[in-house]
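# Fold and geometry: a report
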Amino acid sequence: MFPASFDYHAPTSLSEALRLLAENGPDAKLLAGGHSLLPAMKLRLLEPGCLVDIGRIPELRGVRREGKALVIGAATLHADIATSDLVRQAAPGLATAASLIGDVQVRNRGTIGGSVAHDDPAADYPVILTALDASFVLVSRTGARTVPAEEFFIDYFTTALNEGEILTEVRVADAGDGATSAYAKLEHPASGFLVVSAGVRLERSADGRCRAARLAIGGLGGRPFRAAGAESALAGQSLTPAVIAAASALAADGSDPEGDAYAPAEYRRHLATVYAQRALEAAL
């Protein structure tokens, strides 16, 4: 199968990419790793008249510390995130999530920004980035804005990105001493996409009690599901196996997942409790 004809541009700066987006309007699509866009074009589900390839823009790549924040360029590859010492130290759950995406070929070509902007409900990054309370820097020709994860991921394949904007950075704030994170996932055996997954960030005080917890579950709807009941059950508690098990049992409370032939709704709810517990145990 072949896509419809299109113009191709490979800008080498962010300003040039923004200009091309503005000049071509709704007819333009950004190309990063291409794992979602190109198959849709080959199936003629999408027929953009213009592709703007942002994979060659140096300022969109790399991982760095900026004050107390971990900053990841939107065109940074999954493989680079999975192996980054900075990511492993500041957000180990994010490094784990990156290491579980697709296969070796996908991880060496796909980008965090492309995955985040596409917002597939079976993708890994939205879940762990919601748990980490990450934020996203969106730049247009008129300025920049920063959007937190819980406002960025709206519904199935729908984000807060507006026409003419480019996602340039993913930012994860330092939660302080005693903070850690983890990610656990049941993947579909055919695709590698998640069936259900759990991302967690725990903040612990010196005596080992939980200062705060953020637990996000993937696979229960069109956006990551915050397990508020489980988070409340963990807050202020000593993180014993019994406390973790009791909190994990609440992970799907308030969710209303849609089932499919592989994983019916009730099975997904059960998996949420299992993988919440696995993520919490991994974080500890």
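Residues numbered from 1 in each chain as written. Predicted model: local features only at pLDDT ≥ 70, side-chain atom pairs only at ≥ 80, totals over all residues. Heavy atoms only, no water.

### Comments concerning the pairing of strand E10 (residues 166-173)
We count it as follows: Each residue is placed in one exposure class: buried if its accessible area under a 1.4 Å probe, protein chains only, is under 20% of its type's maximum, exposed if it is over 50%, and partly exposed if it falls in between. Elements are defined by DSSP. Helices are runs of H or I of four residues or more, strands are runs of E of two residues or more, and each kind is numbered from the N terminus. At least two DSSP bridges between two strands are needed for those strands to be called paired.
Most of E10 sits inside the fold, with 7 of its 8 residues counted as buried. Where strand E5 (residues 69-73) and E10 come together, 5 bridges link them in antiparallel fashion. Counterpart to Ala 69 in the pairing with E10 is Ala 173. Pairing geometry for strand E6 (residues 135-140) and E10, over 5 bridges, is antiparallel.

### Here we look at the sheet that holds E10
Strands pair in a sheet through their backbones, by hydrogen bonds, and they do so in one of two ways: parallel or antiparallel. Selection criterion: Only the contacting stretch of a helix is used when fitting its axis, a line to C-alpha atoms as for every element, and angles between N-to-C directions run 0 to 180 degrees. We call two residues in contact whenever any of their non-hydrogen atoms come within 4.5 Å of each other.
The strand order E4-E5-E10-E6-E7 describes an open sheet built from 5 strands, whose pairing is antiparallel. Looking at strand neighbours, the two that pair on one side only are strand E4 (63-66) and strand E7 (143-148), the edges of this open sheet. Taking each pair of neighbouring strands and ignoring which way they run, the sheet shows an average axis angle of 25°. Docked against the sheet, helix H1 (residues 14-24) engages E6 and E10, running at close to 130° with respect to E10.

### Details of the pairing of strand E13 (residues 210-218)
Counting buried positions over the 9 residues of E13 gives 7, a clear majority of the element. Between the antiparallel neighbours strand E12 (residues 194-204) and E13 lie 5 residues, among them Gly 208 with a positive phi of about 90°. Sheet analysis places E13 next to strand E14 (residues 225-226), joined by 2 bridges and oriented antiparallel. Of the residues in E14, the one forming a bridge with Ala 216 is Arg 226. In this antiparallel pair of consecutive strands, E13 and E14, the connection spans 6 residues, and Gly 219 shows a positive phi of 95°.

### A short note on the sheet that holds strand E2 (residues 28-31)
Across the sheet, which stays open at both edges, the 3 strands sit in the order E1-E3-E2 with parallel pairing between neighbours. Pairing within the sheet leaves two strands with one partner each, and these edge strands are strand E1 (7-9) and E2. Along the sheet, successive strands turn relative to each other by an average axial angle of 25°, direction set aside. Those strands touched by H1 are E1, E2 and strand E3 (50-53), and its axis lies near 170° from that of E3.

### What to know about the pattern of salt bridges
Cut-off, in case you're wondering: By convention in these notes, a salt bridge is any Lys or Arg side-chain nitrogen within 4 Å of a carboxyl oxygen on Asp or Glu.
All told, the structure shown has 17 salt bridges when counted by the stated rule. Its salt-bridge partner being Arg 226, residue Glu 150 comes within 2.3 Å of it at the nearest N-O pair. In this pair, Glu 150 sits in helix H9 (residues 149-152) while Arg 226 sits in strand E14, placing the two residues 76 residues apart along the sequence. In this structure Glu 150 comes out as partly exposed when scored by relative accessible area, which is 34%. Owing to a relative accessible area of 23%, Arg 226 belongs among the partly exposed residues under this scheme. We note a salt bridge from Arg 201 to Glu 203, for which the minimum N-O separation is 3.2 Å. The residues Arg 201 and Glu 203 share a single accessibility class, namely buried.

### Notes on H1
An α-helical turn contains 3.6 residues, so any two residues separated by three or four positions project in the same direction. The following threshold applies: The arc in question is traced by the directions running from the helix axis to the C-beta atoms.
Turning to H1, its buried residues number three or more, namely Leu 14, Ala 17, Leu 18, Leu 20 and Leu 21. Considered in projection along H1, the buried side chains sweep an arc of 160° and stay on one side of the axis. Summarising the geometry of H1, the exposed residues directed more than 90 degrees from the buried face are Ser 15 and Glu 23. Buried positions along H1 lie against E1, E2, E3, E6 and E10.

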